[in-house]
Amino acid sequence: MRIDVHAHYWTDAYLDMLVDLGRSDTATQRGIGAGGGSELTARLRLMGRAGVDIQVLSAAPQLPYGDDAVRTAAAARYVNDEYAALVSSHPDRFRAFAATPMPHIDAAIAEMGRAIDELGMVGVTMNTSILDRAITDPQFEPVFAELDRRGAILYLHPVGNGACSPLVRDHHITWMVGAPFEDTIAAMQLITAGYPQRFPNVRIICSHLGGALPMIPLRADDHVEWEAPDTPEAPSRAMRRMWYDTVSHCHVPALRCAIESFGFERILLGTDFPYEDGDTFVRAVDYIADGAASPAQARAIRETNAMALFGIRD
């Protein structure tokens, strides 16, 4: 059973709620194949063409984050209800990650509980930063403690803020380069803050092969003693405690590097639908077996690794 862990779904009604929260970038998600109606029909047809059985959906990067606690909570509840309805109507094709109304901790924990316990969500999605603050900010620790208590899956996705750097944002490379930087930075923040040890029951999935992470395990090991001496274990070892999706825009050398750095057991199929659509979507599934992985590894990456992680059986 092929499981795509990196796929998105947005309705205009939800995106309109984010506009009310102050978001100005929702045009990027409208009318590109990630909605309901005919777009959903086309998505299901494409999944069949690529042999994808299940997509695990997330609203990231358009998550209900904002200063208004009431509106963020309402938006989180709304999008989670939307996702639950979609999963209920297509239980053999979709699962979903819950959105939470950050940075409002009590509301986020309450919505997490409702989404997992009542709506049947398979985990939680979080952006790699929250209103330009690191996910390891001490204010957010209660959320990680609750994820740990539940043994929950946490799916991380870039927000698209250029890693808060004008060197990225002002040079038209926010998504080309900035997004994988965000992946890399968030993963290393978790590692140097000791989150894999402090919250060992949280199963973390990083987007886009972890950004630059596959390239730097030994560099991180060599630098950690003098730059982040309180890091509880070698970064190269901590990296192998997390999971990574295969979204690399079908770049075989990148996937091969991730397999060598993390082990194929830690790699999961991801397509980034709808940004990889049509023939590119099919290629995002097929490229895994085209020189990067052995047949046994490719089957694990596209099927059994995610089945084990999410507890899904054939």
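Scroll up a little and you will see the structure.
Quick look at the structure, then. (Residues numbered from 1 in each chain as written. Predicted model: local features only at pLDDT ≥ 70, side-chain atom pairs only at ≥ 80, totals over all residues. Heavy atoms only, no water.)

1. Topic: the nonpolar core
By size, the foremost hydrophobic cluster in this structure holds 81 residues, and its most contacted members are M126, F144, L147 and I267. Of all hydrophobic cores here, the second largest spans 15 residues; its members include V56, L268, M307 and I312. (Core = buried A, V, L, I, M, F, W, Y, C linked by side-chain atoms within 4.5 Å. Buried < 20%, exposed > 50% of the residue type's maximum accessible area, 1.4 Å probe, protein only.)

2. Observations concerning unusual backbone geometry
Each neighbour pair has its own omega, and for A60 with P61 the value is 0°, a cis peptide bond. Along the chain, P61 falls in the loop between β2 (54-58) and α3 (69-89). Residue P274 is bonded to the preceding F273 through a cis peptide linkage, with omega at 15°. You can see P274 is positioned in the loop between β10 (267-268) and α12 (278-286). Notably, L209 is not glycine yet its phi reads approximately 60°, a positive angle. Here L209 shows up in the loop between β8 (203-206) and α9 (217-227). By relative accessible area, L209 is classed as buried at 3%. Phi at C250 takes a positive value of approximately 65°, unusual for a residue other than glycine. (Helix = DSSP H or I, 4+ residues; strand = E, 2+ residues; numbered from the N terminus.)

3. Regarding the pattern of salt bridges
For the structure shown, the criterion picks out 15 salt bridges. Across the pair D25 and R23 runs a salt bridge whose closest N-O atoms are separated by 3.2 Å. In this structure, R150 engages E146 in a salt bridge whose closest nitrogen and oxygen atoms are separated by 3.0 Å. Here the residue R150 and the residue E146 both occupy positions in helix α5 (residues 141-150), the gap between them amounting to four residues, near one helical turn. Each member of the salt-bridge network shares a partner with another, and the members are D117, E146, R149 and R150. (Salt bridge = Lys/Arg side-chain N within 4 Å of Asp/Glu carboxyl O.)

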